[in-house]
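Residue-level listing of the chains:
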4 protein chains.
Amino acid sequence: MAHFMHTQAVEKNPPAPSVTAKLLERYCAVRAASEQLCEPLLDDDYCLQSMPDASPPKWHLAHVTWFFETFVLKPYRDGYSGFNPHFDVLFNSYYNGIGEQYPRPKRGLLTRPSVEQVMAWRRHVDAAMVQLLEAADDDALSTLAPLVELGLNHEQQHQELLLMDLKHGWSQNPLDPVYQPQRLPTATKVEPLKWCRFEADAEVAMGHVGSGFAFDNEGPAHLVRSDAFEMADRLITNGEYLAFVEDGGYQQALLWLADGWAQKDIVDRGHPLYWRKDSDGWTEFTLHGRQALDPNRPVLHLSYYEADAYATWAGARLPAESEWERWAGERSDTREDIAAHPVDTTPWCNAWVWTASPYVAYPGFKPAAGAVGEYNGKFMCNQMVLRGGCSISPPGHVRTTYRNFYYPHQQWPFTGLQLARDHG
Amino acid sequence: MAHFMHTQAVEKNPPAPSVTAKLLERYCAVRAASEQLCEPLLDDDYCLQSMPDASPPKWHLAHVTWFFETFVLKPYRDGYSGFNPHFDVLFNSYYNGIGEQYPRPKRGLLTRPSVEQVMAWRRHVDAAMVQLLEAADDDALSTLAPLVELGLNHEQQHQELLLMDLKHGWSQNPLDPVYQPQRLPTATKVEPLKWCRFEADAEVAMGHVGSGFAFDNEGPAHLVRSDAFEMADRLITNGEYLAFVEDGGYQQALLWLADGWAQKDIVDRGHPLYWRKDSDGWTEFTLHGRQALDPNRPVLHLSYYEADAYATWAGARLPAESEWERWAGERSDTREDIAAHPVDTTPWCNAWVWTASPYVAYPGFKPAAGAVGEYNGKFMCNQMVLRGGCSISPPGHVRTTYRNFYYPHQQWPFTGLQLARDHG
Amino acid sequence: MAHFMHTQAVEKNPPAPSVTAKLLERYCAVRAASEQLCEPLLDDDYCLQSMPDASPPKWHLAHVTWFFETFVLKPYRDGYSGFNPHFDVLFNSYYNGIGEQYPRPKRGLLTRPSVEQVMAWRRHVDAAMVQLLEAADDDALSTLAPLVELGLNHEQQHQELLLMDLKHGWSQNPLDPVYQPQRLPTATKVEPLKWCRFEADAEVAMGHVGSGFAFDNEGPAHLVRSDAFEMADRLITNGEYLAFVEDGGYQQALLWLADGWAQKDIVDRGHPLYWRKDSDGWTEFTLHGRQALDPNRPVLHLSYYEADAYATWAGARLPAESEWERWAGERSDTREDIAAHPVDTTPWCNAWVWTASPYVAYPGFKPAAGAVGEYNGKFMCNQMVLRGGCSISPPGHVRTTYRNFYYPHQQWPFTGLQLARDHG
Amino acid sequence: MAHFMHTQAVEKNPPAPSVTAKLLERYCAVRAASEQLCEPLLDDDYCLQSMPDASPPKWHLAHVTWFFETFVLKPYRDGYSGFNPHFDVLFNSYYNGIGEQYPRPKRGLLTRPSVEQVMAWRRHVDAAMVQLLEAADDDALSTLAPLVELGLNHEQQHQELLLMDLKHGWSQNPLDPVYQPQRLPTATKVEPLKWCRFEADAEVAMGHVGSGFAFDNEGPAHLVRSDAFEMADRLITNGEYLAFVEDGGYQQALLWLADGWAQKDIVDRGHPLYWRKDSDGWTEFTLHGRQALDPNRPVLHLSYYEADAYATWAGARLPAESEWERWAGERSDTREDIAAHPVDTTPWCNAWVWTASPYVAYPGFKPAAGAVGEYNGKFMCNQMVLRGGCSISPPGHVRTTYRNFYYPHQQWPFTGLQLARDHG
């Protein structure tokens, strides 16, 4: 299990006392952040599940807790027994190595345990985690720290999912619920797309190296060949995408992949997921409520098929993930906070970009042994890689090697569009 | 609209002052009862919807309020405008004459309006209703009273639905939530079935007459011919039905209607909806939680197909609704309270019994004009009549002419089984 | 099994020699008719199955042969063994009492046995049948004759089905295949609807009596009560139905049963199954190919929902089956031949009419013992009764007590529309 | 359109007279081969379509003819008009650039045009093609030849599809129809798997070069990096795969990709598509009829999910397509004839092997302009590359750069399994 992450942070030598302190601090911060995210929710909202792909807020809060209980407390804390044996099944997402799972499409039916009980469970697990870590000697810590770090990154992934899922659920409600009341500022007018040129290179480095945390699917680091190409310097905007819509892009079969054209719900809708054309113009549903469609904000919530069709229409293509990683490696975008909706098109952490790369293992990749090995490997089929992060991604998750992945028809992540093209 | 109900209670002559008082008292009692039914619920439970046929508790509380607002307040109270224009759509069940409806399978997504807002709406409508009724002169009352009476009977129907739906939703939860904590008493051992004999009669009266409230589908009263027959004196028990299960009843195609045998979910399950065979015997899920299967309690939650197959296996048949009404007419069962689960098999208000009669209009039936005419008539196709009432039916709904109706595959109402057979 | 049909034709006393001769003659005539019906087919057409409800011509030819082999030859002809043991399963339609069945939706996949082999099987069975009947003494004949008669009526039912199914299959083909090349003559202009008045009667006789063949579901004969009513003197025409279409009948929810309105394929289509609006007007697909829609021909291929919506729109209703039988009893319509498409609206054997009566057992009905009892009884749920026969019904099947039945959404039988209304 | 194929065979310089002669000879040979393949068919078989993925033999014969009519005769032969305007739609597979298509799942309903008419169309098109080619001067030929070559390769692809589809259709028939009557010889006992070792190489060449025909998706030729690896020297056998089955491989979630484990039809079946366990052992359905499962024949008809699960169980993995191409480049397998079922596991043209490579464009790939550009490019999503060819692939299609592609759940192609593993 020690191989699960490609990290060199935790070594077998005695850690400085501050390691425990830092880990505890981080543990408490991440756990608290999940709950802070839920502050705008009413009790009514915690069980909302609008499709099988999405989960209710309460389920997210419980599942990330199950992760610590299952992978840390049960194996490593003497005498720890589960809070409730039913929770082992109810809040197991997809770990067949652990046991049965409550059916995913029915998570919204779990009105019990109540929010209150889930919060009590969180407190119970937090107390046990703190005790475990405080009591851990260096040797124990060298085992525990990577698992805790994985659990924290996992919880952060669910923070993003929680907001995505909530947005999708609320979008079904004609009342247009608001997560954060705010009228979005008018975005600055974007400049015409500029292209960053990259020369052919037979030794482009890909994948995670170094001491920070990374998921197993970000390695092994390796070299790839790259032809010359050009990468757009920013995301495509609502305004640019609207031109495609208004040019009849959704009616021209020749622009679409065959599987995209067969996706009738998307093609017949004729515009991105959360857009609506009202009598007084286009609007989009956001976590700030329904807003007028600002032509200078990045377009969001595209399926891969829509992104690909746009690129074809625009005479360009989607980037390979190696191309994106090469481009991103020359930048130093960071972000301190999350934003419920992105306004800017330039830093690459505003919207995930679909790459043209199917999600497959890097050469030499081996999943970790045991149930934790189900984290990434078993999904390496039928999905496409997205890169860069979005405005609701936790800040620490924004790195050049991060590989997100979704099915090409999915639209509820904060997915945008960045063009590439051949060169030379 | 005055013809909507077959009632003679409300006449055009000036009503005694007590008519208003009685109506108000009844209005307040019925409205309060809906909310009392929800007392065991947690906030988490109000949005639970486990299938398209069922609705969340919050939706029921809102919809019955919508009914008064739509059919009484808006047309008859000067200056009344809706509480929230979105609610016109969100809480319209199926009245095309009124306007659009929010899709039924998505009612569980309506985390907003909150329970609190729905309760505020109830208060708002109640206040307006009280003012309207208090101010009504005799003439106005003669118009309003039948509509209010209809609205109250409608709300009572939803009280039963609310509990049925909640039970179905909770049954999906491995935690076995409990509505009313109580271990059910051991039921008295039933006697062998006795048969009540009825002679052939060319003039059997059917349908509602008299001064009490009845739904439009209970009339016009009319005569039918009846052959001689015999009716069982009580409901079939869990123990009797278990004998059918254990005799392989679910594996013998010749016992089943073709459409029943094609209902794979029922046939493959091999037992009634809420039963489960555990290592230490059969249990059934009830509103008192999961309970050992008592062989002397009435069997519940059968589809029509299961009821019919049992009757065939038992060498009997299901009664025609006219037979049941004739039999019931000789009894005087009443009930003061509801019970979350029936224990007794004799009074006919413990479980709805499937009749062999498809739900069609009585000769001469005409739906009321306008949207309120959608109440019953448009459902007179593909459903079967059930008679008698069940332990969670509001007491006033237990009458010999009441016609309930469900599709033959449905099992979540409190449906039981009473046998009949030919005679002579 | 002797009770299977309500017939008094065959008695236990020695039959005159002519009984055998007549039966043989009839056997040969019916069997030959099935094959004559197929003469316009190409080899390519014999496996055509366009939906699970329909069967390929080859399957019909084989199944009716299976019926004689299974219910007559195997039990009654010494030493007869099946032609091919696989055929027992392949051509069993729905007789669970006999054994397994090849899945109905896959019948079109049975390219083998070839047409040639099926024809060889027919010859084989015919030879054995002739030998069996010729050798039968009076006693044997008293057992065999009702079964043979049932088999022949069964085969005639499949003659109608074969044409219905073929029409549906060909209707999917843009080449508009033609069964019988002929331009239909212009129909005579119909007179405005006249109403035949019937007085209330407490003793209306229903059901089959007498010596002719009838299916078990046509009995027992019994009395019913009838209110006064009026019956239209002819079928509704294309022209009358077109007025409903053009009046927006398919867009007005209030005209439709709830289940009909939910049948999106029908409602969204906006016209009867085989109609099409071309640039130069309405056409309908017929067994004579695509023809201009003649306003004076009977409207055909309506679902129950469409028939009911039309009746509501027209201020009338569909007749009860007892009303229809009473009306038909006063007429003496007969027909010598079948016609691939009906032109006339008056004799009641031009199009099946949907009645408002669900298909249920008559009082005292009991299915025959054994597998043959599956013929009718197990379908007595969810279907509606149709009466009268259509232009492709074999002549002998046109009788006042005949009860045909289909699901309310089905449109591929030759279903038409005759109105009734209350009176008095 | 000249860029459609990566071929240098046809140059703008005057071709020798033999070019026309050779092309005509090849045209006639390929066209005749399609019809010879159908010789074992009965008339009954020509319309058989057992699933939307498959097409009837008649449709294949017609569609390949449509291809020549659409892409060669209509644009290049003066005065040529289509044989039947309906055929433009009926036999267009998926070319949106050409126009509408008859729905794929309904191809089996096209009993008309008859086989005879389709054969007449073939004769008509063949005559026109011969005339066109014979009259073509060098310049015309330089345009026509690549298109004709494409059409012939296209027709050969459909020859393989025709047999695959026929096999699937017949496999649904309990009569086990036989394409080629023959008891398969007992295969030679295979040796234990040997591994061929390949060293790491930063400049592995991939893709088609040279003068022969290749599809557009086989280029552009380019270099890739390859780590060291080992490739199994033969296909996996039935016997080896049976060990996986008997070890409970289909019951162990941890061996499967998540999407594979969710494919209930495959996982619940528990063995490859055409296998069956009878009382006297395993059999497999083949084009020679049902045969005993020979442990030394190659395993066939695996989905990608099954192939991947087997590889995981065996401690190996599937090869990348670049690895396979490198391995195959060192061999010189050829084949003169097709075989209805493969017996040998060593030449790589016995069964397609699933690679771990998703089907995506090679760097710099651009689809051809116009409708013919829909040939390959629009399918580059959600599918996996298969390599090598199978026993029913036309001989000329067996080359190291050929990229076949199917969805990971598909099993009806002749798909086998060849293992690879990391090294060093």
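This text goes with the structure placed above it.
Here goes a summary of the coordinates provided. Bear in mind the structure is a predicted one, so any value in this text is a computation, not a measurement.

Definitions and cut-offs
- Residues numbered from 1 in each chain as written.
- Chains lettered and ligands numbered in written order.
- Predicted model: local features only at pLDDT ≥ 70, side-chain atom pairs only at ≥ 80, totals over all residues.
- Heavy atoms only, no water.
- Contact = heavy atoms within 4.5 Å.
- Buried area = accessible area lost by both parts, 1.4 Å probe.
- Salt bridge = Lys/Arg side-chain N within 4 Å of Asp/Glu carboxyl O.
- Polar contact = N/O pair within 3.5 Å; in protein donor to acceptor, adjacent residues only side chain to side chain.
- Helix = DSSP H or I, 4+ residues; strand = E, 2+ residues; numbered from the N terminus.
- Nonpolar A, V, L, I, M, F, W, Y, C, P; charged D, E, K, R; others polar.
- Axes fitted to C-alpha atoms, helices over the stretch in contact; angles between N-to-C directions.
- Parallel < 35°, antiparallel > 145°, perpendicular 65-115°, else oblique.
- Least-squares fit on C-alpha atoms with pLDDT ≥ 70 in both.
- Phe/Tyr/Trp six-rings, centres within 6.5 Å; stacked < 30°, edge-to-face > 60°.
- Buried < 20%, exposed > 50% of the residue type's maximum accessible area, 1.4 Å probe, protein only.

**Some remarks on the interface of chain A and chain B**
- Between chain A and chain B, the residue contacts involve 28 residues of the former and 28 residues of the latter.
- For the pair chain A and chain B, the summed buried surface comes to about 2,400 Å²; carbon and sulfur atoms form 57% of the total.
- The three residues of chain A that bury the most area against chain B are D44, R112 and L175 of chain A, which together make up 29% of that side's buried surface.
- Our count for the contact surface shared by chain A and chain B stands at four salt bridges.
- D45 of chain B is paired through a salt bridge with R112 of chain A; the nearest N and O atoms lie 2.7 Å apart.
- On inspection of chain A and its partner chain B, the count reaches 16 residue pairs in polar contact (both at pLDDT 80 or more).
- The leading source of residues in the side of chain A that touches chain B is helix α3 (residues 85–90) of chain A, at three residues.
- Classifying every residue of the side of chain A that touches chain B gives 14 nonpolar, eight polar and six charged.

**Concerning the packing of helix α2 (residues 57–76) of chain B against helix α5 (residues 138–171) of chain B**
- The geometry of α2 of chain B relative to α5 of chain B is characterised by a closest axis approach of 9 Å and an angle of 170° between their N-to-C directions. Here α2 of chain B is positioned roughly antiparallel relative to α5 of chain B, judged by the angle of their axes.

**A closer look at the relation of the copies chain C and chain D**
- The transformation that overlays chain C on chain D combines an axial shift of 0.0 Å with a rotation of 180°, and the residual RMSD is 0.0 Å. Those values place the two copies in the arrangement expected of a two-fold rotation axis.
- In this assembly the copies share their binding face: 100% of the residues contributing to the interface of chain C also contribute to that of chain D.

**Focus: the packing of aromatic side chains**
- In this structure the tally under the stated criterion is 148 aromatic pairs over all chains.
- Centroid distance Y406 of chain C to W412 of chain C: 5.6 Å. Interplanar angle 80°. Geometry classified as edge-to-face. W412 of chain C carries the same exposure label as Y406 of chain C, and that label is buried.
- Both rings, one in F215 of chain D and one in Y375 of chain D, keep their centres 5.4 Å apart while their planes meet at 20°; by these two values the pair is stacked. One end of the pair, F215 of chain D, is in the loop between β2 (201–206) and β3 (222–226); the other, Y375 of chain D, is in the loop between β8 (352–358) and β9 (384–387), and 160 residues separate them in sequence. Across the pair, Y375 of chain D and F215 of chain D agree in class, each one buried.

**Digging into the side chain of T401 of chain A**
All names here are of chain A.
- Structurally, the position occupied by T401 is in the loop between β9 (384–387) and β10 (404–406).
- Residue class for T401 comes out buried when judged on its relative accessible area of 8%.
- A polar contact is formed between the side chain of T401 and the side chain of E218, at a distance of 2.6 Å.
- In contact with T401, other than residues within four places in its own chain, are G207, H208, E218, E325 and R387.

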